Amino acid sequence: MAVRATVSRFPADSDAQEASGIPWGLTVTPFAAKDENGQAPVYGSDGNLLPRCENCYAYFNTYCELDQWVWNCSLCGTLNGLSSQAIARYSRPQSCAEMMSSFIDLELPSEGSEEEILHARPVYVAAVDLSSSEEFLELTKSALQAALEALAPESLFGLATFSHKLGLYDVQGPIPVVKNVFIPQDAEGTLPIELEDVMPLLQFLAPVKTCKDRITSALETLKPTTSWERTPGTGQELDGVLMGGRGFGAAMEALCNYLGSEYGNTFALARVFAFLSGPPDHGPGQLDTRRYGEQYASKGEDADRALLPEQTPFYKDLAAVAVQAGVCVDIFAVTNEYTDLASLKFLSIESGGSLFLYSNTDDSTLPQDMYRMLSRPYAFNCVLRLRTSTEFKPGHSYGHFFPDPQYENVQHIICCDSYATYAYDFDFVNDVGFSRHASEQPMVQIAFQYTVVVPPEELSGSELVSSSRGKHSIKRRLRIRTLQYGTARNLNELYDGVDPEVVLSLLVHKVILASLEEGVREGRMLLHDWLVILTAQYNEAFKLIQYKNGSSSMTGQVDVTFSQCPQLQLLPRLVFALLRNPLLRFHEEGVHPDYRIYVQCLFSALEPSSLHRAIYPVLTSYSTLDKQAYPRHSLSRAALLTSGSPIFFLDAFTTLIVFYSSTADPSLPFPPPQDCLLRSAINKLKQERCITPKLVFIRGGQDDATAFENYLIEEQDVDGTGLTSAMGFVSFLEDITQSVLEYMK
C-alpha cells in the first residue's frame, strides 16, 4: 500500500492552508505489494481480533499508547479497555504484526463452508462483437489466445458473441456448438428467453485445463455477421439492413443476470471481457451517435461540454446490476468511429473493470494488454476506508470506486490491481487546526479489506486437505497503514515538503471533475487560475512583491519560476503540459471525444509518477547506446540542439520513442540491439507498466519525425494553434506574470 501526500508537513490551520495555495491531500495505491519506500507489510493472522477504538472505530496500531489493560487511540485520544485475549497476545509483542509495524496485512477468518471457500473458481467470459470486420475479429482472437495462456488451468471460461443476436458457445463436447437468441430491435425490448434456458451456465463455462484446444477451435469459427447474414433468409422477418445491428446493451445485461445466478457458489468474481468495434445501435442500451455529427457542424453549443456527459443512464444502471451479480466488465473498444464512451465508460469503471481504446487494428497492443492484465495479481470485493485524527477530515475522494450508500468515507472497489490508485483531499474540521503545543501529530489510517483467490500451489501444507487438492481457495485479508505527519511551522516549511507529482494527481482529478460538470473550458480556467493564485501567494509569502501603501505602483519582480523553492519549480511546466494535453484541449483542435474519455479514465487511476510521465514525458539523452548522457531534458528543440547527444529516448507513458538525431554517426546500429543499455532500460519500463506502451524508432533526417516533435511542447502555443512562433512556455510564463499582477492589485 503506497501512500503519498501533497505535503510532507501538514498546514497548521485553515489560514495556513489557504495562504499556501497548495491542494492538501494524498494518493493511495492500496493493493501495491510494498509502500512508497519499497517496504513490505508485516503479515499476520487473526485480523478479526485486532482491537478497535470504541469512539472512532480506528484500529489499534504502533502509535497507540499501551498500558497493562488499556490503550489510547492515536487518532482520537479515547482510552479503550483490552480484552483478556488481547492482553495475553500483547504480552508477547514479537508475535503480533500490529506491535511490530504500522503497515500490516492480516488474514481474516473464512466465512461460509469449507466446500464453498474451496470451490470458488475464477470465471472469465469473452463477449465478442460480430457486427465488425475480419481484422477486428483476428485481433480479438489473438487477444483471447493470449488470455488463455495467462489464465490458471482451473479457471472457467465462456465464449459469447453479440450482433442482432446473442450467441452462447458450448465447447465441452467434441465440436463447438453455438446457440443463439435474437435481440429485440426496440430500446425497451427484452430477450424472449432466459439464457439459463438456452444453455445451463455450467455447460457454458468450460474448464480451461481440459477445453483449451476446443475454445481455440470455437474462436476460429467466429465470422463477422456482415459476411454471412446480410439477407433475411431462413424465414426471418427482419429487414436485411438491420441484420448487422450491435446489441451490446442487451447482451451485457443478459450475461450479468446469467452469471449472477451462480455468484458466491461457482465463483467469487466473474470477469467479462467485452470486445466492441463501434457504438451499440440495436435493442436496449442503443446510443444515438448523431450528436457527434451535429456537434461537428456546431449549432453554437459548446462541443467540449455537450459530448462529455452520458446520453443515457442505461450503462450506469447496468454497472449496479453487474456489481450485485459479482461481475466486473472490461471494455476493449477497437474503433475510430464515434462510439460514445462517455455513456459506456460507467459499465467498466463502476464495476471495477478497465476501459481500453485502440484507434485501429494494425498497431494495436490489445493482445499484450490482455496478457499483462491477467498475469498480475488482483483483489476483489474490496472495501477502502480512510480515517483521520480529529482536527481534520477527508473532503472529496477520487477514483474508480463506488461510495458506500450508508457510511461516509467508505469506498467499495469490485476489482483492484496493484496499480489502481485513489485520491483524497482534506479539510479542517474547525478554525483551530493542529495545536502548536500538543504532542499529538496529525494521523491518517487507511484500512483495506479485500479478497484474493489463492491457487492450490500457494496454500500451506496444513491447509491442503486431500479432497481440496487442485482447487482454488478464497482468502479474505485486512491491510492497514497508519501514518503520522508533522505540521509546518511556516509557509517555507510547508513549501519545502511539497510533492509536485501528488499535487499534479489532485489537480488532474479536480479538472476532470470540472470538465465533466462544466465543460473543458471551465477545466482549463480552473487550472490557470490555480497557478496564478499559487504564484501570487508564493511571491507574497517570500515578500518578493510589495505594493506601496495606497498606490498601484509596485516594487520587486514577480518570480514565476519559484526560484527560492525547488519543490515548486516543476509546477508551472506541469500545468503548461496539462493545458496542452488532450484531456483539456478543445474539440476544434481535433481531439476525439472518445479519446478524451479514455484519457480521463486512464489518468484518474494512475499513480503519481506514471501520471507525471503521461502529462510531461521524460526525455533522456544517450551519448552511445550503452551510456546515458543526461537523465532529463526540457521538452524543447533547444534542449536537443544544446545537448549535442546523438540519441534521445522519450517516455510518454503510453508511447516510448527512440530518436536518432540527424547528426548521429551513421554506423550506430538502428534500431538499438537487444544487448545494449538503452534496450535494457526500455524493456524494464515496459515490464513495470500497467499497459503496453507503443515503441517507436525514428531516424532524424530520414523518417517522419512528427510523432517525436509533437511531444516537444515547450515551443508550442498553449492555446493549441501549434504555431511555434509564439514561443509557447516562455509566453505562458509571461501571461501568468501579467495575471499575477492583476490578481495582486
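Refer to the structure presented above.
Quick summary incoming for the structure in this document. For clarity, every value in this text was computed on a predicted model and none was experimentally measured.

Secondary structure summary: the protein contains 25 helices and 31 strands in total. Put simply, the protein has 745 residues, and 55% of those count as buried. Across the protein, the fraction of contacts at a sequence separation of at least 24, relative to all contacts at a separation of at least 6, is 75%. Accessible surface computed for the protein: about 31,600 Å², of which carbon and sulfur atoms make up 49%.

For the rest of this paragraph, the subject is unusual backbone geometry. Geometrically, the link from F670 to P671 is a cis peptide bond, its omega value of -10° lying close to zero. Along the polypeptide, P671 turns up in the loop between β30 (655–660) and α23 (677–688). Of note in the backbone geometry, D46 takes a positive phi value of approximately 55° without being a glycine. Inspection of the secondary structure assignment puts D46 in the loop between β4 (42–44) and β5 (65–66). Here N381, not a glycine, exhibits a phi torsion of approximately 50°, which is positive. We classify N381 as partly exposed; its relative accessible area is 26%.

Another point: the pairing of strand β21 (residues 422–428). Along β21, six of the seven residues are buried, which leaves the element largely enclosed by surrounding structure. With five bridges connecting them, strand β18 (residues 392–398) and β21 associate as antiparallel partners. Each residue of the ladder has a partner; that of S397, found in β21, is Y424.

Turning our attention to the sheet that holds β4. Backbone hydrogen bonds are what pair the strands of a sheet, in a parallel or an antiparallel way. Taking strand neighbours across the sheet as the criterion, the seven strands line up as β4-β8-β23-β22-β17-β20-β19 in an open arrangement whose pairing is mixed. For this open sheet the edge positions go to β4 and β19 (402–403), each flanked by a neighbour on one side alone. Alignment of strand β17 (residues 378–388) against strand β20 (residues 410–417), held across seven bridges, turns out to be antiparallel. Counted as the bridge partner of A379 is C416 from β20.

Turning our attention to the pattern of salt bridges. A side chain of one charge can pair with a side chain of the opposite charge when the charged atoms of the two come close. Applying the stated criterion to the full structure yields 24 salt bridges. One salt bridge connects R481 with D35, and the closest N-O pair in it is separated by 3.8 Å. Linking R481 in strand β23 (residues 473–484) with D35 in the loop between β3 (25–29) and β4, this pair joins segments that are 446 residues apart in sequence. A salt bridge links K510 to D425, with the shortest nitrogen-to-oxygen separation between them at 2.7 Å.

Of all eight residues that make up strand β15 (residues 327–334), eight are buried, and the element is covered over most of its length. Of the two faces of β15, the one carrying V327, V329, I331 and A333 and the one carrying C328, D330, F332 and V334 are both buried. In this structure, strand β14 (residues 270–276) lies alongside β15, joined through seven bridges in parallel fashion. Bridging across to β15, A274 finds its partner in I331. Alignment of β15 against strand β16 (residues 355–358), held across four bridges, turns out to be parallel. Each bridged residue has a counterpart across the sheet, and for A333 the counterpart in β16 is L357. The β-α-β motif built from β15, the intervening helix α14 (residues 341–349) and the parallel element β16 has right-handed crossover chirality.

Packed helices, taken two at a time, are described by the angle between their axes plus the distance between the axes. Helix α19 (residues 571–579) packs onto helix α17 (residues 500–518) with a crossing angle of 30° between their chain directions and a minimal axis gap of 11 Å. Between α17 and α19, the interaxial angle falls into the category roughly parallel. Considering only the axes of α17 and α19, their crossing is right-handed. Across the interface between the two elements, P500, V503, L504, V508 and V511 of α17 pack against L571, L574 and L578 of α19. Considering only residue class, the contact of α17 with α19 consists of eight nonpolar, no polar and no charged.

Moving on: the packing of aromatic side chains. Scanning all chains against the criterion turns up 36 aromatic pairs. A ring pair is formed by F576 and F729, whose centres lie 5.3 Å apart and whose planes are at 65°; its orientation type is edge-to-face. With F576 in helix α19 and F729 in helix α25 (residues 728–744), the pair connects residues that are 153 residues apart, well separated along the chain. In this structure F729 comes out as buried when scored by relative accessible area, which is 9%. Among the aromatic residues, ring-to-ring pairing joins F10, W24, F392, F426, F428, F434 and Y485 into one connected group. Over the face of the ring belonging to Y59 we find R52, whose NZ or CZ atom lies 4.2 Å from the ring centre. The side chain of R271 reaches across the aromatic face of Y378, ending 4.8 Å from its centre.

Looking now at the sheet that holds β3. Strand order in the open sheet made by the four strands is β1-β3-β21-β18, with antiparallel pairing throughout. Every interior strand has two partners, whereas the edge strands, β1 (2–5) and β18, have only one. The average angle at which neighbouring strand axes cross in this sheet is 25°, direction not considered. Relative to β3, α17 is tilted by about 95°, and along the sheet it contacts β1, β3, β18 and β21.

One can find S155 in the loop between α5 (134–150) and β10 (156–162). By relative accessible area, S155 is classed as buried at 1%. Among the polar contacts made by the side chain of S155, one reaches the main-chain carbonyl oxygen of A152 at a distance of 2.8 Å. Contacts of S155, omitting those with residues within four sequence positions, involve P122, Y124, A206, P207 and V208.

Once that is clear, we can look at α25. When the terminal C-alpha atoms of α25 are compared, their 24 Å separation across 17 residues agrees well with the 24 Å that a helix rising 1.5 Å per residue should span. Looking at α25, one finds that the buried residues are G728, F729, F732, L733, I736, T737, S739, V740, L741 and M744.

Definitions and limits used
- Along each chain, numbering runs from 1 in the same order as the chain's sequence is written.
- Thresholds applied to this predicted model are a pLDDT of at least 70 for local features of residues and 80 or more for the giving and counting of side-chain atom pairs; totals over whole chains, interfaces and linings are not thresholded and use all residues.
- Calculation of side-chain values draws on the structure's entire complement of heavy atoms; hydrogens and water are dropped beforehand.
- Secondary structure elements follow DSSP: runs of H or I no shorter than four residues count as helices, runs of E no shorter than two count as strands, and numbering proceeds from the N terminus.
- A simple rule labels every residue: compare its accessible area, found with a 1.4 Å probe on the protein chains alone, to the largest value its type can have, and call it buried under 20%, exposed over 50%, or partly exposed in between.
- Here a residue-residue contact requires only that any non-hydrogen atoms of the pair lie within 4.5 Å.
- Only the protein chains shown count as cover for residues, with accessible areas throughout obtained via the Shrake-Rupley method and a probe of 1.4 Å.
- One requirement defines pairing of two strands: DSSP has to find at least two bridges between them.
- Any Lys or Arg side-chain nitrogen located within 4 Å of an Asp or Glu carboxyl oxygen qualifies as a salt bridge.
- Note on handedness: a crossover is taken as right-handed if, strands pointing away from the viewer, the path from the first strand over the helix to the second is clockwise.
- Between N-to-C directions, angles cover 0 to 180 degrees, with each direction set by a line fitted to C-alpha atoms, over the stretch in contact for helices.
- In what follows, roughly perpendicular refers to angles from 65 to 115 degrees, roughly parallel to angles under 35, roughly antiparallel to angles over 145, and oblique to any angle outside these ranges.
- Note on convention: near helix rotated counterclockwise from far helix by under a right angle means a left-handed crossing. Clockwise means right-handed.
- Put simply, Ala, Val, Leu, Ile, Met, Phe, Trp, Tyr, Cys and Pro go in the nonpolar bin, Asp, Glu, Lys and Arg in the charged bin, and everything else, Gly too, in the polar bin.
- For this analysis, a ring pair means two rings from Phe, Tyr or Trp (six-membered ring only for Trp) whose centres lie within 6.5 Å, classed as stacked if their planes differ by under 30 degrees, edge-to-face if by over 60, and tilted for the remaining angles.
- Note on geometry: a ring has a charge over it if NZ (lysine) or CZ (arginine) is within 6 Å of the ring centre and within 35 degrees of the ring normal.
- Contacts described as polar in this section are N or O atom pairs within 3.5 Å, which, within protein, must combine one atom able to donate a hydrogen with one able to accept it, while residues neighboring in sequence count only if both atoms come from side chains.
- To estimate the expected span of a helix, count its residues, drop one, and scale the result by 1.5 Å.

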